[in-house]
Amino acid sequence: MTQSDRLLASTPERYTIFAQVLHWVIALLLCLQFILAWTMPDIGRGTVPERLINLHLSFGLLIIVVMALRLLWRVTHAVPAPPAGVPAWQAKSASLAHAALYVLLFVVPLLGWINASYRGWTVEFFGLFPLPALVAARGPANTGAILGPWSGDVHIWLSYALLTAIGLHVLGALYHRFILRDDVLGRMVPGA
Ligand code: HEM
Ligand code: HEM
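Residue positions are given per chain, counted from 1 along the sequence in the order it is written. To label them, take the chains in the order written and letter them from A, then take the ligands in the order written and number them from 1. Residues qualify for local features only when their pLDDT is at least 70, as the model is predicted, and side-chain atom pairs are given and counted only at 80 or more; totals for whole chains, interfaces and linings, by contrast, use all residues. Based on all heavy atoms of the structure, the side-chain values leave hydrogens and waters out of the count.

**Quick notes on the coordination of the iron atom of ligand 1**
Then, number 1: Only nitrogen, oxygen and sulfur atoms within 2.8 Å of the metal, or 3.2 Å for Na, K and Ca, are treated as donors, and water is left out, so sites may look incomplete. Listed as protein donors to the iron atom of ligand 1 are His56 (NE2) and His155 (NE2); their distances from the metal cover 2.0 Å.
Then, number 2: Any site counts as irregular unless it has four donors with all angles between 85 and 135 degrees, making it tetrahedral, or four or six donors with opposite ones more than 155 degrees apart and the rest between 65 and 115, making it square planar or octahedral. Coordination at the iron atom of ligand 1 comes from six donor atoms whose angles at the metal span 86 to 178°, giving a geometry best classed as octahedral. Here histidine 56 is found in helix H3 (residues 51-76), whereas its partner histidine 155 is found in helix H5 (residues 148-180), with 99 residues between them in sequence. Residue histidine 56 shares its accessibility class with histidine 155, and that shared class is buried. Runs of H or I in DSSP of at least four residues are treated as helices and runs of E of at least two as strands, each being numbered from the N terminus. Only protein chains enter the accessibility calculation, which uses a 1.4 Å probe; a residue whose area is less than 20% of its type maximum is buried, one above 50% is exposed, and one in between is partly exposed.

**Topic: the site of ligand 1**
Then, number 1: When we say a residue is near a molecule or strand, we mean one of its heavy atoms is within 4 Å of it. Surveying the vicinity of ligand 1 reveals 23 residues, the closest of which are Gln33, His56, Gly112, Arg119 and His155.
Then, number 2: Distance and chemistry together define a polar contact, namely a pair of N or O atoms within 3.5 Å, with one atom able to donate a hydrogen and the other to accept it when in protein, and with adjacent residues in sequence counting only for side-chain atoms on both sides. Here a nitrogen atom of ligand 1 sits 2.7 Å away from a polar atom, N or O, in the side chain of histidine 155.
Then, number 3: Lys, Arg, Asp and Glu make up the charged group, whereas Ala, Val, Leu, Ile, Met, Phe, Trp, Tyr, Cys and Pro make up the nonpolar group; the residues left over, Gly among them, are polar. Per-class residue counts for the shell around ligand 1 are 14 nonpolar, eight polar and one charged.

**Concerning helix H2 (residues 17-39)**
Then, number 1: Between its terminal C-alpha atoms H2 stretches 33 Å, which fits the 33 Å expected from 23 residues at 1.5 Å a residue.
Then, number 2: Burial in H2 covers these residues: Ala19, Gln20, Leu22, His23, Ile26, Leu29, Leu30, Gln33, Phe34 and Leu36.
Then, number 3: Here, two residues are considered to be in contact whenever any of their heavy atoms come within 4.5 Å of each other. Where the residues of H2 are buried, they touch H3, helix H4 (88-118) and H5. Expected span of a helix, by definition, is 1.5 Å for each gap between consecutive residues, and there is one gap fewer than residues.

**What about the site of ligand 2?**
Then, number 1: Lining the immediate surroundings of ligand 2 are 21 residues, of which His23, Arg74, Tyr102, His169 and Arg187 lie closest.
Then, number 2: Between ligand 2 and histidine 23, the relevant distance is 2.8 Å, taken from a nitrogen atom to a side-chain nitrogen or oxygen of the residue.
Then, number 3: Going through the elements one at a time, H2, H3, H4 and H5 are the ones with two or more residues in the shell around ligand 2.
Then, number 4: With five residues, the single largest contributor to the shell around ligand 2 is H2.
Then, number 5: Here the residues of the shell around ligand 2 are counted per class, giving 15 nonpolar, three polar and three charged.

**Considerations on the environment of arginine 14**
Then, number 1: As for its placement among the helices and strands, arginine 14 is situated in the loop between helix H1 (3-9) and H2.
Then, number 2: Sequence spacing of arginine 14 and alanine 37 is 23 residues, and the spatial spacing of their C-alpha atoms is 34 Å.
Then, number 3: From its side chain, arginine 14 meets the backbone oxygen of valine 189 in a polar contact 3.1 Å long.

**So, the packing of H2 against H5**
Then, number 1: Axis definition: a line fit to C-alpha positions, over the contact stretch in the case of helices; interaxial angles, taken between N-to-C directions, run 0 to 180 degrees. Taken N-terminus to C-terminus, the directions of H2 and H5 make an angle of 135°; their axes are 13 Å apart at the nearest point. In terms of axis orientation, H2 runs oblique to H5. Between H2 and H5 the crossing geometry is left-handed. In contact with His23, Leu30, Phe34 and Trp38 of H2, H5 contributes Ser159, Tyr160, Leu162, Leu163, Ile166 and His169.
Then, number 2: Here the contact of H2 with H5 is built from residues that sort into seven nonpolar, three polar and no charged. Throughout this description, any angle smaller than 35 degrees is read as roughly parallel, any larger than 145 degrees as roughly antiparallel, any in the 65 to 115 degree range as roughly perpendicular, and the remainder as oblique. Two helices crossing with the near one rotated counterclockwise from the far one by less than a right angle form a left-handed crossing, whereas a clockwise rotation gives a right-handed crossing.

Keep in mind that these numbers describe shape and distance, not what the molecule does.
Structure, rendered in structure tokens:
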């Protein structure tokens with residue numbers, strides 16, 4: 001029996017408490033992250049990061065850390081199967097949305113980090129310690145920072161793609177809760 005056979009053979013009824021807590025922690029961090037993004041000062045040439053911008057960088061780094069834990073959980077655990085009667089296209093769309101959320105929740109913050117490095121900012125984790133630059137800072141001839149110039153724009157576009165994916169995901173959850181009235185939402189809620 002392979003590892004994946006073993007996992008499939010024991011498809012659980014619900015997400016574990018660890019997965020549930022991380023799911024809602026990420027949801028909370030993302031709300032905070034978008035509020036910070038929309039309230040922090042506009043970022044342009046020569047902007048020096050202040051308190052709100054630094055918080056945006058720090059919470060973004062925290063999102064990478066929590067997502068790394070989630071990914072580790074995800075590759076070592078089976079997830080509940082779709083309830084009986086759910087059409088294949090809906091189950092497939094839900095899995096696709098989950099995969100897109102995982103990918104975007106690494107790509108978006110990493111592009112932000114790349115852009116911050118390109119701007120020559122020192123990215124710190126809540127002022128505790130500095131992190132390495134991911135690309136060379138903008139030099140007289142943009143030395144080495146191939147990703148730099150467009151990383152800020154792509155960071156912003158993809159954060160809106162992320163919001164769209166979250167919107168569809170939440171609509172799906174509400175459809176299960178209020179139209180189909182099944183237990184899909186309950187299995188992601190601690191103690192439900
Ligand atoms: C999932 C995590 C993140 C989300 C959802 C997010 C979202 C956003 C959004 C919506 C903006 C546009 C703000 C505006 O309207 O002006 C923005 C800008 C920015 N973010 Fe993030 N961000 C995340 C993580 C990060 C991280 C980890 C860093 C750096 C360590 C970062 C650095 C930046 C920078 C430098 C900008 C300005 C980009 C530019 O205008 O060229 N972000 N972010
Ligand atoms: C706000 C940001 C959110 C993100 C990034 C997010 C992301 C995810 C991901 C990636 C999964 C798949 C779990 C896995 O396989 O590891 C998942 C599952 C789930 N999420 Fe969310 N979620 C968010 C918000 C919400 C909200 C607001 C609700 C409810 C209204 C919700 C309800 C669910 C449910 C019910 C599942 C389990 C689906 C199933 O069993 O197939 N999520 N979420």
